Each structure stands twice: as C-alpha cells, then as structure tokens.
Amino acid sequence: MGVYRSRHALTGPLTPARIEAIRLPLTSRLRRGYRIDDVDAVLRRLAHELAERSRQLSVVAAENHQIKTALRTWQSEQVDDAVGQLGG
C-alpha cells in the first residue's frame, strides 16, 4: 500500500484538523468533482496512518498489560512478605 505523495503532500502525522483542512484540486472545468487519483491518494494515506496508529495502540496496550501484571505480582509479594513477618 502506498503512502499519499503529491505536490500537495502533507508532512507529519495527520490530525483531525489537518484532515478537515485538506483541499483537493478540482478537475478541469469540463468535468465536475475531484481528480480520482488525488482522492485515491488521500484515502491510501489515511488508511496507512490509521493502520500505523492501530499498531501503536496495540503495542501500548500490550506494554500496559505487562506493567499491570508486574505491579500485581510485586504487590502480592509485598503482602506475602508482610504476612510472613507478622506470623514469624
């Protein structure tokens, strides 16, 4: 899948405000609407960025799960140590 590149290319990550500000060039005066290639390019760019953000979110969720698991384990060990000291 390609990344949106044209003479109107946006650099950096797309934000909702930047997406709303995109203005595609119109077709010639003989035809109404936008040039299909430009629309397709923007859609490819949006799909690429959405996939990348989804991937990053998955990585963060996995890291979050790992941290929570480690914290729970540590907390259980602390409680077990405290109970052991009180009983011994």
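Residues numbered from 1 in each chain as written. Predicted model: local features only at pLDDT ≥ 70, side-chain atom pairs only at ≥ 80, totals over all residues. Heavy atoms only, no water.

Draft legend 1. Highlighting helix α2 (residues 36-87). Taking 1.5 Å per residue, 52 residues should reach 76 Å; α2 reaches 76 Å between its end C-alpha atoms and fits that length. Restricting attention to buried positions, one finds in α2 the residues Asp38, Ala41, Val42, Arg45 and Glu49. (Helix = DSSP H or I, 4+ residues; strand = E, 2+ residues; numbered from the N terminus. Expected span 1.5 Å × (residues − 1). Buried < 20%, exposed > 50% of the residue type's maximum accessible area, 1.4 Å probe, protein only.)

Draft legend 2. Representation of the pattern of salt bridges in the model. Under the counting rule described, the total for this entry stands at four salt bridges. Two residues, Arg45 and Glu49, come together in a salt bridge whose shortest N-O distance is 2.7 Å. Here Arg45 and its partner Glu49 are both found in helix α2, four residues apart, which amounts to about one turn of the helix. A single burial state applies to Arg45 and to Glu49, both of which are buried. Among the ionic pairs, Arg53 bridges to Glu49, the shortest N-O distance being 3.3 Å. Within this pair, Arg53 and its partner Glu49 are both found in helix α2, separated by four residues, close to a single helical turn. What makes Arg53 partly exposed here is its relative accessible area of 38%. Owing to a relative accessible area of 13%, Glu49 belongs among the buried residues under this scheme. (Salt bridge = Lys/Arg side-chain N within 4 Å of Asp/Glu carboxyl O.)

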